[in-house]
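Here is what each chain is made of, one letter per residue.
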Amino acid sequence: MDTAGKVIKCKAAVAWEPNKPLVIEDIEVAPPQANEVRIKIVATALCHTDLYHLFEGMETELFPTILGHESAGIVESVGSSVTEFQPGDKVIPLFINQCRECRFCRSPKTNLCDKGPIGAHDKLAFEKSRITCKGKKVLPFMGIGSFSEYVLMKQIAVAKIDPAAPLDKVCLIGCAISTGFGAAVNTAKVEAGSTCAVFGLGAVGLAAVMGCKFAGAERIIAVDTNPKRAETAKVFGATDFVNPKDQNKPIHQVLAEMTNGGVDYSFECVGNVEVMRSALESCNPGWGVSVIVGWTNRHDFAARPIQLIVGRTWKGSLFGGFKSKDGVPEMVRAYLQKKIKVDEFITHSKTLAQVNEGFELMKSGQSIRTVLNVSSE
């Protein structure tokens, strides 16, 4: 059935309010307007950021919402003025725009874009939403809302990928893998022969471990309170595993003793301000670089000025520093050329209707990534 130019009725997992299970509902997705693309979602993964916003981070007034942002699909139809995409293209939706024209896009120093906020989930985005359920507007989370059979995207927030790419695998490149890998390779610029520490071994942290190994780090210390992650971390390149719960002194002291004063690079992949400080203090005081990767916006972070004055660098990394439309296709090619791992991150596969089971696996620490198979290619 030709759906171009028509409202599509489909299934989505809707979050009607915070701290409550998602509900499978019938929704209506409007046809694309100028410079927009409508995408049939084939697969979407559960990211901790979705969980964070459901249980911690989002204001009640921004519900109902459709969560999900780490996804891949096939273009169903395009609006006017769209020349980069056509129906049938395999694509990955992006939560960071890349217009290629603004001051940010033209600068090699950042991956931000002037054309709209990062994955907007605010009142203005709510008002502009053209997705409805039971007569009410529904907010697509981070500008995507991929816990749905169809999404509506701006063309500057979509990356066209190799048609050979398996969508139920490369969906992870839309967030976790690019975020962690790029933090090591692009943001920290890890050097060959260096020593690294990665705090938090979820998908982002494991991708950071993989990035450190890719860059040629000699020693990669994986840090997590879940002992089950020890063997997993080795798969991605970790040489050591340390569980802070097993230590009788602060973790930064443990790492300093292991590395003759501190690591060259550290990565906080949890989103916990106390861990951020520990990661900084784990760095070599003269030249260590600590990168904040984990997402949180609820608390201030702190350190004593002397910890930076002596020579440490503290910096952040958003989406691994990748310019989205350029970086995602590159990462997909790297996967197809077997230069990076993707399949190894996926521990569970579920249907869209089983999304709440996926969240429970995440909360209990049983999963690294759960992929929801939304529709067939």
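No experiment lies behind these values; they were computed from the predicted model shown. (Residues numbered from 1 in each chain as written. Predicted model: local features only at pLDDT ≥ 70, side-chain atom pairs only at ≥ 80, totals over all residues. Heavy atoms only, no water.)

This brings us to the overall build of the protein chain. Scanning the protein chain for helices and strands turns up eleven helices and 19 strands. Its C-alpha atoms give the protein chain a radius of gyration of 20 Å, near enough to 21 Å, the size a compact globule of 377 residues would have. Along the three orthogonal principal directions, the C-alpha set of the protein chain runs to about 65 × 40 × 35 Å. Each of the 377 residues in the protein chain was classed as buried or not, and the buried ones make up 55%. A separation of at least 24 residues holds for 71% of the contacts in the protein chain among residues at least 6 apart in sequence. When the accessible surface of the protein chain is totalled, it reaches about 16,200 Å², and 50% of it is carbon and sulfur. (Helix = DSSP H or I, 4+ residues; strand = E, 2+ residues; numbered from the N terminus. Rg over C-alpha atoms; globule rule 2.2 N^0.38 Å. Buried < 20%, exposed > 50% of the residue type's maximum accessible area, 1.4 Å probe, protein only. Contact = heavy atoms within 4.5 Å. Areas by Shrake-Rupley, 256 points an atom, 1.4 Å probe, with all protein chains shown as cover.)

Our next topic: the packing of helix H4 (residues 176-188) against helix H5 (residues 203-214). How two helices pack is summed up by the angle between their axes together with the distance between the axes. Where H4 meets H5, the closest approach of the two axes is 7 Å, and the angle between their N-to-C directions is 40°. Compared by their axis directions, H4 and H5 come out oblique. Two packed elements cross with a definite hand, and for H4 against H5 that hand is right-handed. In contact with Ala-176, Ile-177, Thr-179, Gly-180, Phe-181, Ala-184 and Val-185 of H4, H5 contributes Ala-203, Val-204, Ala-207, Ala-208, Met-210, Gly-211, Cys-212 and Phe-214. Residue composition of the contact of H4 with H5, grouped by class: twelve nonpolar, three polar and no charged. (Axes fitted to C-alpha atoms, helices over the stretch in contact; angles between N-to-C directions. Parallel < 35°, antiparallel > 145°, perpendicular 65-115°, else oblique. Left-handed = near helix turned anticlockwise from the far one by under 90°. Nonpolar A, V, L, I, M, F, W, Y, C, P; charged D, E, K, R; others polar.)

So, on to the sheet that holds strand E8 (residues 136-137). What the four strands build is an open sheet, ordered E1-E2-E7-E8; its pairing is antiparallel. Only two strands of the sheet have a single partner each, and these edge strands are strand E1 (8-14) and E8. The sheet contact formed by strand E2 (residues 23-29) and strand E7 (residues 131-133) spans two bridges and is antiparallel. Each residue of the ladder has a partner; that of Glu-28, found in E7, is Thr-132. (Pairing = 2+ DSSP bridges.)

Here the focus is the UniProt feature "domain: Alcohol dehydrogenase-like C-terminal" (unreviewed entry) in the protein chain. Mapped onto the present numbering, the UniProt feature "domain: Alcohol dehydrogenase-like C-terminal" (unreviewed entry) falls at residues 203-331. Annotation note: span residues 203-331, helix share 37%, strand share 16%, distance between end C-alpha atoms 16 Å. (UniProt positions renumbered as here; feature names shortened; annotations may be inferred.)

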